[in-house]
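Listed below are the residues making up each chain.
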Amino acid sequence: MGAEFGDEVLEPGPKKADDEKDKASDAYHAKVTAKAGTPTGLATGLIKELRPKQWVKNVLVLAVPFAAGEILDPAILLDAVIAFVVFSMAASGIYFVNDAIDVEADRQHPTKRNRPIAAGLIPLPIAYVVCVLLLGGSLLISGLTSMQLLAVMALYIAVQLGYCFGLKHQPVIDLCIVASGFLLRAIAGGAAANLVITQWFYLIVAFGSLFMVAGKRYAEVKLAAETGAKIRKSLKAYSPSYLRFVWAIAAAITIMTYSLWAYDIREFEMSRWGLISIVPMVVAILRYAVDIDKGVAGEPEEVVLKDKVLMVLGVILAGCLFLAFYL
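Values in this document were obtained by computation on a predicted structure and should not be read as measured data.

Trainee: How would you summarise the pattern of salt bridges if you had to cite specific residues and measurements?
Mentor: For the coordinates displayed, the defined rule picks out nine salt bridges. Note that D174 and R217 form a salt bridge whose closest N and O atoms lie 3.0 Å from each other. Taken together, the residues D174 in helix α8 (residues 173-192) and R217 in helix α9 (residues 199-227) connect sequence positions 43 residues apart. Each of the two residues, D174 as well as R217, counts as buried. Between E220 and R217 there is a salt bridge whose closest N-O contact spans 3.3 Å. Highlighted residues: E220 and R217, both in helix α9, separated by three residues, approximately one helical turn. In terms of burial, E220 and R217 fall into one category: buried. Shared partners join several salt bridges into a network, and the residues in it are D174, K216, R217 and E220.

Written out as structure tokens, the structure reads:
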């Protein structure tokens, strides 16, 4: 979760303070651009543009092997790790594409002008070369691992490129594309290891992702209304009440499909731990909904890391599922 490819978080307009720690200040921008044209600046820019912090969402590739009860198999775990690597490569490649396309617009923005490409740390030709290497390498490694994984990665890259080249401005479509990125991560973990999982599991991931994406959009709309931040075209079509409607429906379907999956676990694994896991799952969704309602769920990973109760619920949920699948 967090900002998906081309899915930038809205940021407040310029601030008056000329502080080097204020990313919207001229002093901070001057500090960033001072490294432009130097080897150090290029190396720093490339690492920053890869956005390694966003790779944490690729851990979703482990979900299917875990839910299939096969995560402890070294061969399957290796396939899942490969899926993690190719998704991280593809994700970073799309970041390069998006920022290269939006370079002129980013240079007019008070904070986005500090991005490596907009700030001149990475020349456009180098950005496109790195992008081709990352996306091409992702497809090559996927093809050598599994044709199913190759198909998933090709679809993922095609959808995200469509998003970068205009679909991010289309209301509803942008929600679906961002949510689909998380679903494809889960599918990739199964495709790499040739595992089959129940349809309920995929529905859980799909609507759970939509739940968080709608919450993220709600936070952005609320931020724009309160601070006067610039707003992307697609967000202009959303009202707070509509986004509440979307995340409420998505939450309800997520809970329903999870419960159906939990009953499947009891039937096929002969374990009650799946049913018990419904409790922490529902409580976690309701807890996260509190943050959405406050309009502070713009960065889902930050919400989870800052909320100790959510983290404890996640550990309990994972523990219940581990007992269901591995004992």
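Trainee: Tell me what's going on with a nonpolar patch on the surface, and back it up with residues and numbers.
Mentor: Among the surface-exposed residues, I101, L124, Y128 and F165 lie close enough to one another that they form a single nonpolar patch of about 380 Å² accessible area. Among the structural elements, Y128 can be located in helix α6 (residues 124-145).

Trainee: Please provide a residue-by-residue account of the state of the cysteines, values included.
Mentor: For the structure shown, the criterion picks out zero disulfides. For C131, which is in no disulfide, the shortest distance to another cysteine sulfur is to C164 and amounts to 8.9 Å. Relative accessible area serves as the criterion here: at 6%, C131 is assigned to the buried category. We note that C176 lacks a disulfide partner, and the nearest cysteine sulfur, in C164, lies 17 Å from it.

Trainee: How would you summarise the packing of helix α10 (residues 240-269) against helix α14 (residues 308-326) if you had to cite specific residues and measurements?
Mentor: The N-to-C vectors of α10 and α14 enclose an angle of 30°; their axes lie 10 Å apart at closest approach. One way to sum up the angle between α10 and α14 is to call them roughly parallel. Each of Y258, W261, I265 and E269 in α10 lies in contact with α14, whose residues at this interface are L317, L321, A324 and F325. Its residues assigned to classes, the contact of α10 with α14 comprises seven nonpolar, no polar and one charged.

Trainee: Lay out the packing of aromatic side chains with the relevant residues and their values.
Mentor: All told, the structure shown has twelve aromatic pairs when counted by the stated rule. For the pair Y258 and W261, a centre-to-centre distance of 5.6 Å together with 75° between the ring planes defines the contact as edge-to-face. Taken together, the positions of Y258 and W261, both in helix α10 and three residues apart, correspond to about one turn of that helix. W261 carries the same exposure label as Y258, and that label is buried. An aromatic cluster of at least three residues, connected via ring pairs, comprises F66, F201, Y202, Y258, W261, F322, F325 and Y326. It is R185 that lies over the ring of F182; its NZ or CZ is 5.4 Å from the centre.

Conventions and cut-offs
Along each chain, residue indices are assigned from 1 in the same order as the chain's sequence is written. For a predicted model such as this one, the threshold for reporting local features is a pLDDT of at least 70, and the threshold for listing and counting side-chain atom pairs is 80 or more; totals across whole chains, interfaces and linings nevertheless cover every residue. Derived side-chain values reflect all non-hydrogen atoms in the structure, with water molecules and hydrogen atoms excluded from consideration. A pair is scored as a salt bridge if a Lys or Arg side-chain nitrogen falls within 4 Å of a carboxyl oxygen belonging to Asp or Glu. Note on conventions: DSSP H or I runs of at least 4 residues are helices, E runs of at least 2 residues are strands, and numbering of each starts at the N terminus. Only protein chains enter the accessibility calculation, which uses a 1.4 Å probe; a residue whose area is less than 20% of its type maximum is buried, one above 50% is exposed, and one in between is partly exposed. Two joining distances apply to patches: 9 Å for like charges and 5 Å for nonpolar side chains (Val, Leu, Ile, Met, Phe, Trp, Tyr), and every residue must have over 30% relative accessible area and no salt bridge. Per-residue and other accessible areas were derived by the Shrake-Rupley procedure at a 1.4 Å probe size, with only the shown protein chains allowed to occlude residues. Here, the term disulfide refers to a pair of cysteine sulfur atoms separated by no more than 2.5 Å. Only the contacting stretch of a helix is used when fitting its axis, a line to C-alpha atoms as for every element, and angles between N-to-C directions run 0 to 180 degrees. Convention used here: angles under 35 degrees read as roughly parallel, angles over 145 as roughly antiparallel, angles from 65 to 115 as roughly perpendicular, and any remaining angle as oblique. The contact criterion used throughout is that any non-hydrogen atoms of two residues lie within 4.5 Å. Polar here means any residue outside two lists: the nonpolar Ala, Val, Leu, Ile, Met, Phe, Trp, Tyr, Cys and Pro, and the charged Asp, Glu, Lys and Arg; Gly therefore counts as polar. For this analysis, a ring pair means two rings from Phe, Tyr or Trp (six-membered ring only for Trp) whose centres lie within 6.5 Å, classed as stacked if their planes differ by under 30 degrees, edge-to-face if by over 60, and tilted for the remaining angles. Ring-over charges, as used throughout, are those where CZ of Arg or NZ of Lys falls within 6 Å of the ring centre and within 35 degrees of the ring normal.

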